[in-house]
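Chain by chain, the residues:
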Amino acid sequence: MDINHVVGAIVRKACIMASGKIHAPSLTRALFGFVIVTACGAMILIWVLLSGRIDDVENNLQDTHAVRGAQAFQMVLTTAIEREWRSLEAVADQLGNAVPANIRTIVDAVPNAGGRIFWAGMAEPSGIIIHGSDRVREGEDVSDRRWFRAGLRGPNVGNVYTPGGDEAESRVNLSMPVYRDDGSLRGVMIYSMRMDSLTGYAQEIATDLNMDVFVFDRSGDMIMESRKAGSAPLDMGLVGPALSLSLPTLRSSDDPKHTAAMAILPDLVDGDMPSFGWKLVVRVPTNAAGGHVASSLSPLLPVLGLLMLSLLLLVAFYANHFLRPVGQLAKVAEALAKGETIYPTDEHSSQETAVLSHSLAIIQSKLDERSRRNAREEKRLEEALNAPRKRHWAA
């Protein structure tokens, strides 16, 4: 038996056995699978990394939002209080050398000027009130009152007090000395400012800024509060230590659904005025302060989908242009191993496919030449074997 037939038979058998055992995917499927798995893994990894970063960014934004809200509240409320303080300064300057009739006219007009001053009056250095709005408290001895004693020494802001225990009647006294033109002390001027007017104004500001507001006095008592409907009370166990430490920002979980960002200002009333000693706590729920970063990423999902589709189209083009010829040449090689006569198409999609196509064509040509040569040898051998018989028969 010819050795080429033996080798061909062995090769064909090996190919048949191999084809029965090998279950590997095609290059195209492997490429698509690799790209899809890699792309999905990369997007998941990026999303996980971004999620943690988004939380940090949103927390910073929420803290910043709370601080900016506190500063805006401080500026607006300070402006309102400063207006009354400037009025007190102007009145004290006018009363230095004013006649009693003019003083009485001025103290009567003050409560009607802006609505925030409940009562205005002037006490002489001995502590007796000599002029009061609508003659109220005139002749009363206030020499033991803090606002008077402090007012003799200079501009002063008292503590918030509640006459009769009625919160609606809460007030704070503003006082300062009144000097004559020669520099001698004439008395102490006082404005008794209504807290309910400030509280109402503060609630309007808080509503406009979409936040909860809490104001504490020097002793740590809450003197103002503005909360949205359904908002939880302030957790004093958390806020109390923060107030004493003057922490700038704080986070709490008062709301069962959201964590709140809080900002703390150690001195609510700013400006060129005596210290009020009021501390401000602003609370902004995360649904009002944050969520913008995460929501801003939502429009990116269609973009990511479009990028994924574009990637798959590019992979499809790559597979069709570069891998499909390799698959066709693999089928040609398998056919050659099985002994079939087949010539590969001339492929030039890549250098490798061109070399492989050219090599398989050369192999097929050599196999054809060898087959023809073997056929001629077999024919010649058969003729040689048959020649003696013919001569023997002829004899």
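Draft legend 1. Local environment of the overall build of the protein chain. Across its full length, the protein chain carries ten helices and ten strands. Going through the 395 residues of the protein chain one by one, you find that 35% of them count as buried. Considering only contacts within the protein chain whose residues lie at least 6 apart along the sequence, 57% involve residues at least 24 apart. Accessible area of the protein chain: about 22,700 Å², with a carbon and sulfur share of 60%.

Draft legend 2. The arrangement of the sheet that holds strand β3 (residues 156-157) in detail. In space, the five strands of this open sheet follow the order β2-β1-β5-β4-β3, with antiparallel pairing throughout. The open sheet is flanked by β2 (129-132) and β3, the only strands paired with a single partner. Pairing of strand β1 (residues 117-123) with β2 involves three bridges; the strand directions are antiparallel. Residue M122 lies in a different strand from β2, and its bridge partner there is H131. Along the sheet face, helix α3 (residues 100-114) touches β1, β2 and β5 (185-194) and points at about 160 degrees away from the line of β1. Those strands touched by helix α4 (residues 146-153) are β1, β3, β4 (171-179) and β5, and its axis lies near 35 degrees from that of β4.

Draft legend 3. Focus on α4. All of the buried residues in α4 are W147, F148, A150 and G151. Residues of α4 that are buried make contact with β1, β3, β4 and β5.

Draft legend 4. Layout of unusual backbone geometry. Its identity is not glycine, yet R137 carries a phi of approximately 70 degrees, on the positive side. For R137, the position within the fold is in the loop between β2 and α4. We classify R137 as partly exposed; its relative accessible area is 25%. The phi torsion at N210 lies on the positive side, around 60 degrees, for a residue other than glycine. Its location among the elements puts N210 in the loop between α5 (195-209) and β6 (212-216).

Draft legend 5. Main features of the pairing of β6. Within β6, five of the five residues are buried, which leaves the element mostly enclosed by the surrounding structure. By the alternation rule, side chains of β6 split into D212, F214 and F216 and V213 and V215, which are all buried. Two strands pair when backbone bridges link them, and β6 and strand β10 (residues 279-285) are joined in this way by five bridges, in the antiparallel orientation. Following the sheet pairing, D212 is matched in β10 by R283. Both β6 and strand β7 (residues 222-226) contribute to a ladder of four bridges, which runs antiparallel.

Draft legend 6. Representation of a nonpolar patch on the surface within the structure. Judged by side-chain polarity, M43, W47, L301, V303, L304 and L307 come together as a nonpolar surface patch covering roughly 560 Å² of accessible area. Elements with a contribution of two residues or more to the nonpolar patch: α2 (27-94) and α9 (300-337). Top element by residues in the nonpolar patch is α9. It accounts for four residues. With respect to the helices and strands, L301 occurs in helix α9.

Draft legend 7. α3, seen in detail. When α3 is considered as a whole, its buried residues turn out to be I103, I106, V107, V110 and P111. Once α3 finishes, G115 follows within two positions and takes phi at roughly 90 degrees, a positive value.

Draft legend 8. Spatial organisation of the packing of aromatic side chains. As enumerated under the stated definition, the model contains two aromatic pairs in all. Geometrically, the ring pair formed by W147 and F148 is edge-to-face, given 6.1 Å between the ring centres and 90 degrees between the ring planes. Like F148, W147 is buried. Geometrically, the ring pair formed by F276 and W278 is edge-to-face, given 5.0 Å between the ring centres and 70 degrees between the ring planes. For the pair F276 and W278, a shared accessibility class is recorded, and that class is buried.

Draft legend 9. The arrangement of the nonpolar core in detail. M189 and W278 are the most contacted members of the largest nonpolar core, which has 49 residues in total. With ten residues, the single largest contributor to this core is α2. Counting nine residues, the second-largest nonpolar core is a separate cluster that includes L234, V239, A242 and L243.

Draft legend 10. Region of interest: the pattern of salt bridges. According to the stated counting rule, one finds twelve salt bridges in the structure shown. Here D196 ties to R194 by a salt bridge, and the two come within 3.0 Å at their closest N and O atoms. On the basis of relative accessibility, which here comes to 29%, the residue R194 falls in the partly exposed class. Its salt-bridge partner being R380, residue E377 comes within 2.4 Å of it at the nearest N-O pair. With E377 and R380 both in helix α10 (residues 351-394), this residue pair falls three residues apart, about one helical turn. The exposure class of R380 is partly exposed, given its relative accessible area of 45%.

Conventions used here
Residues numbered from 1 in each chain as written. Predicted model: local features only at pLDDT ≥ 70, side-chain atom pairs only at ≥ 80, totals over all residues. Heavy atoms only, no water. Helix = DSSP H or I, 4+ residues; strand = E, 2+ residues; numbered from the N terminus. Buried < 20%, exposed > 50% of the residue type's maximum accessible area, 1.4 Å probe, protein only. Contact = heavy atoms within 4.5 Å. Areas by Shrake-Rupley, 256 points an atom, 1.4 Å probe, with all protein chains shown as cover. Pairing = 2+ DSSP bridges. Axes fitted to C-alpha atoms, helices over the stretch in contact; angles between N-to-C directions. Patch = residues over 30% accessible without salt bridge, like charges linked within 9 Å, V, L, I, M, F, W, Y side chains within 5 Å. Salt bridge = Lys/Arg side-chain N within 4 Å of Asp/Glu carboxyl O. Phe/Tyr/Trp six-rings, centres within 6.5 Å; stacked < 30°, edge-to-face > 60°. Core = buried A, V, L, I, M, F, W, Y, C linked by side-chain atoms within 4.5 Å.

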